Amino acid sequence: MITIYAPASIGNVGVGFDILGAAIIPINGALLGDLVTIESSNKFQLINKGLFSKKLPKKTEENIVWKCWSRFCKIIKKEVLVSIILEKNMPIGSGLGSSACSIVATLVAINEFCNYPLNSRELLLLMGQIEGEISGSIHYDNVAPSYLGGLQLILEDTEIISQKIPSFKNWFWIIAWPGIKVSTAEAREILPKKYQKEICIKNSRYLAGFIHASYSKQPYLAARLMQDFMAEPYRIKLLPNFVKTKKKIKKIGAISSGISGSGPTIFAISDNINTAEEISLWLKKHYLQNETGFVHICFLDTRGARKIG
Ligand code: HSE
């Protein structure tokens, strides 16, 4: 029996639309991600458990785990007879890489169960393809950090899909999911099909500057450059009181903030635990829309998908 945990992630990280992603873990050590347990069986079986399992599609064939299993079997040309338990701890459509958590945990578990027929590049390519089928187009900024850990820069080079870049160890990442759903496919659909040259140049400048600041260890420069000109202006309307929230958390002391993935989760960064706690309290009180919403103060999860137990 194998149990794999795949952590939640923040897609885009403000400045890198579709090409920058960060895996996260609450500072209290709690797990924030999905778990997939796999064991041999005489027929394929899928059991859904966990806080958000009721929100999963009723038909097994529509479950992401089934899609992963079915694609994997096709690739290795063998029907893998297994019983799979998905512990769905991540809310669907939250902007925290919920689908990526399920995809990554399932494919890592099944690949290990079958004695690694796919190498890590092949596995990541498959993760990206399946993510693309669910959300409308391939993007690796959730699957790559959830699989490989840390802050990932997506390269999609002929040989290297993604690489870890240096991050600031004293940064606290505060995330607040308001308890409502935003479909990634829909949040991608509302973006312009084309961008003006000036926006492309500005975006390149900020992204290159952020990567430079990360390598040259300039945290405040990096934080100032974490600005989103590609998606945030069009997605503001999907988040409750986003502009007011951003202003308020900046006033409390956040050195940066933005939309996590396609929203509605918001993330903020602080390099001071007291400020992080103050931001967390404010978000709990003012950003959550119902009792299912949550706020966590996190570190980057540098390990990515891993065996549990
Ligand atoms: N990069 C993706 C988007 C992440 O912003 O649409 C989705 O979580």
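Sequence order as written defines residue numbering, which begins from 1 separately in each chain. Selection of residues for local features in this predicted model requires a pLDDT of at least 70, selection of side-chain atom pairs for listing and counting requires 80 or more, and totals for whole chains, interfaces and linings are taken over all residues. Hydrogens and water are ignored here; the side-chain numbers use all heavy atoms of the structure.

## Some thoughts on the overall build of the protein chain
Item 1. The number of helices and strands found in the protein chain is 10 helices and 13 strands.
Item 2. Computation of the radius of gyration draws on C-alpha atoms, with the globule rule given as 2.2 Å multiplied by the number of residues to the power 0.38. A compact globule built from 309 residues should have a C-alpha radius of gyration of about 19 Å, and the protein chain, at 19 Å, falls within 12% of that.
Item 3. A contact between two residues is defined here by any heavy atoms of the two lying within 4.5 Å. Intrachain contacts of the protein chain at a sequence separation of at least 6 include 75% that bridge at least 24 residues.
Item 4. Of the roughly 14100 Å² that the protein chain leaves accessible, carbon and sulfur atoms contribute 53%.
Item 5. By the counting rule applied here, Lys and Arg register as positive and Asp and Glu as negative, while His and the ends of each chain are not counted. For this purpose, a charge sits on NZ of Lys, CZ of Arg, CG of Asp or CD of Glu. The protein chain carries 37 positive and 25 negative side-chain charges, and their two centres are separated by 5 Å. Segments assigned H or I by DSSP are reported as helices when at least four residues long, segments assigned E as strands when at least two residues long, and all are numbered from the N terminus. Note on areas: Shrake-Rupley, 1.4 Å probe, and residue coverage restricted to the protein chains presented here.

## Some details on the site of the ligand
Item 1. The cutoff for a nearby residue is simple: one of its non-hydrogen atoms must lie within 4 Å of the molecule or strand. The ligand sits among Asn12, Phe17, Asp18, His139, Asp141, Asn142, Thr184, Arg188, Arg235, Gly261 and Ser262.
Item 2. Contact distances for the ligand include 2.7 Å between a nitrogen atom and a side-chain N or O atom of aspartate 141.
Item 3. Within the complex, 98% of the 260 Å² of free accessible area of the ligand lies under protein.
Item 4. Three classes are used, and their members are as follows: Ala, Val, Leu, Ile, Met, Phe, Trp, Tyr, Cys and Pro are nonpolar, Asp, Glu, Lys and Arg are charged, and the others, Gly among them, are polar. Of the residues contributing to the shell around the ligand, the split by class is one nonpolar, six polar and four charged.
Item 5. Two domains share the shell around the ligand, each providing at least three of its residues, namely domain 1 (2-165) and domain 2 (172-300). Counting of polar contacts relies on pairs of N or O atoms within 3.5 Å, with two restrictions inside protein: one atom must be capable of donating a hydrogen and the other of accepting it, and residues adjacent in sequence are counted only when both atoms are side-chain atoms. The domain limits used here are those given by an automatic or database domain assignment.

## A short note on the sheet that holds strand β1 (residues 2-7)
Item 1. Two strands are said to pair when DSSP picks up at least two bridges between them. Taken together, the five strands give an open sheet; going across it, the order is β5-β6-β4-β1-β13, and neighbouring strands pair in mixed fashion. With partners counted over all chains shown, the strands left at the sheet margins are β5 (45-49) and β13 (306-307), one partner each.
Item 2. Where strand β4 (residues 33-40) meets strand β6 (residues 82-87), six bridges bridge the pair, whose relative direction is antiparallel. Counted as the bridge partner of isoleucine 38 is isoleucine 84 from β6.

## Thoughts on the UniProt feature "binding site: ATP" (unreviewed entry) in the protein chain
Item 1. As recorded in UniProt, the sites labelled "binding site: ATP" (unreviewed entry) are Pro91, Ile92, Gly93, Ser94, Gly95, Leu96, Gly97, Ser98, Ser99, Ala100 and Cys101.
Item 2. By the secondary structure assignment, serine 94 is in the loop between β6 and α2 (98-113).
Item 3. Those residues in contact with serine 94, other than ones at most four positions away along the chain, are Trp177, Gly263, Pro264 and Thr265.
Item 4. Within the structure, serine 94 has its side chain in polar contact with the backbone oxygen of proline 91 (distance 2.9 Å). UniProt positions are given in the numbering used here, feature names are shortened, and annotations may be inferred rather than shown by experiment.

## Points about the domain arrangement of the protein chain
Item 1. Taken domain by domain, the protein chain comprises domain 1 (2-165) and domain 2 (172-300).
Item 2. Each of domain 1 and domain 2 has a C-alpha centre, and these two points are 23 Å apart.
Item 3. Each partner contributes to the roughly 2900 Å² buried at the junction of domain 1 and domain 2, and carbon and sulfur atoms together form 71% of this total.
Item 4. Two parts placed together each lose some accessible area; with a 1.4 Å probe, that loss summed over both constitutes the buried area. When the buried surface of domain 1 facing domain 2 is broken down by residue, Val15, Phe17 and Ile27 rank first, second and third, together holding 23% of it.
Item 5. Between Lys or Arg on one side and Asp or Glu on the other, a salt bridge is scored when a side-chain nitrogen of the former is within 4 Å of a carboxyl oxygen of the latter. Between domain 1 and domain 2 we count one salt bridge in total.
Item 6. Residues aspartate 18 and arginine 188 are paired through a salt bridge, measuring 2.7 Å at the closest nitrogen-oxygen approach.
Item 7. Inspection of the domain 1/domain 2 interface yields 10 residue pairs in polar contact (both at pLDDT 80 or more).
Item 8. Elements supplying a minimum of two residues to the side of domain 1 that touches domain 2: β2 (9-11), β3 (20-26), α3 (120-135), β7 (151-154) and β8 (162-165).
Item 9. The element best represented in the side of domain 1 that touches domain 2 is β3, accounting for six residues.
Item 10. Partitioning the side of domain 1 that touches domain 2 into residue classes produces 22 nonpolar, 12 polar and two charged.

## Considering the nonpolar core
Taken as a class, soluble globular proteins show a tendency for nonpolar side chains to be buried jointly.
Item 1. Ranked by size, the top nonpolar core spans 39 residues in total, and within it Ile84, Leu107 and Met127 carry the most contacts.
Item 2. In this structure, isoleucine 84 is in contact with Val36, Thr37, Ile38, Phe44, Gln45, Leu46, Ile47, Val65 and Trp69, ignoring residues within four places of it in sequence.
Item 3. Definition used in this section: a nonpolar core is a set of buried Ala, Val, Leu, Ile, Met, Phe, Trp, Tyr and Cys residues joined via side-chain atoms within 4.5 Å. Relative accessibility decides the category of a residue: with a 1.4 Å probe and only protein chains considered, values under 20% of the type maximum give buried, values over 50% give exposed, and everything between is partly exposed. Formed by 37 residues, the second largest nonpolar core is a distinct cluster that contains Leu32, Phe52, Trp171 and Leu225.

## Section: the packing of aromatic side chains
Item 1. Classification of ring pairs rests on two measures: the distance between centres of Phe, Tyr or Trp rings, Trp counted by its six-membered ring, which must be within 6.5 Å, and the angle between planes, read as stacked under 30 degrees, edge-to-face over 60 and tilted in between. Scanning the model with the defined rule gives 10 aromatic pairs in all.
Item 2. Geometrically, the ring pair formed by phenylalanine 52 and tryptophan 177 is edge-to-face, given 5.8 Å between the ring centres and 80° between the ring planes. Residue phenylalanine 52 is found in the loop between β5 and α1 (64-76), and its partner tryptophan 177 is found in strand β9 (residues 172-177); the two are separated by 125 residues along the sequence.
Item 3. Put simply, the rings of Phe168, Trp171, Trp173 and Phe267 pair up and form one aromatic cluster.

## Some remarks on the packing of α2 against α3
Item 1. Here α2 crosses α3 at 145°, and the two axes come no closer than 10 Å. In this structure, α2 meets α3 at a crossing whose hand is right-handed. Along the contact surface, α2 presents Ser99, Ala100, Ile103, Val104, Leu107, Val108 and Asn111, while α3 presents Leu123, Leu126, Met127, Ile130, Glu131 and Ile134.
Item 2. In terms of residue class, the contact of α2 with α3 is built from 10 nonpolar, two polar and one charged. Throughout, an axis means a line fitted to C-alpha atoms (over the contacting stretch in the case of helices), and angles, computed between N-to-C directions, take values from 0 to 180 degrees. By convention the crossing between two helices is left-handed if the near helix lies anticlockwise of the far one by an angle smaller than a right angle, and right-handed if it lies clockwise.

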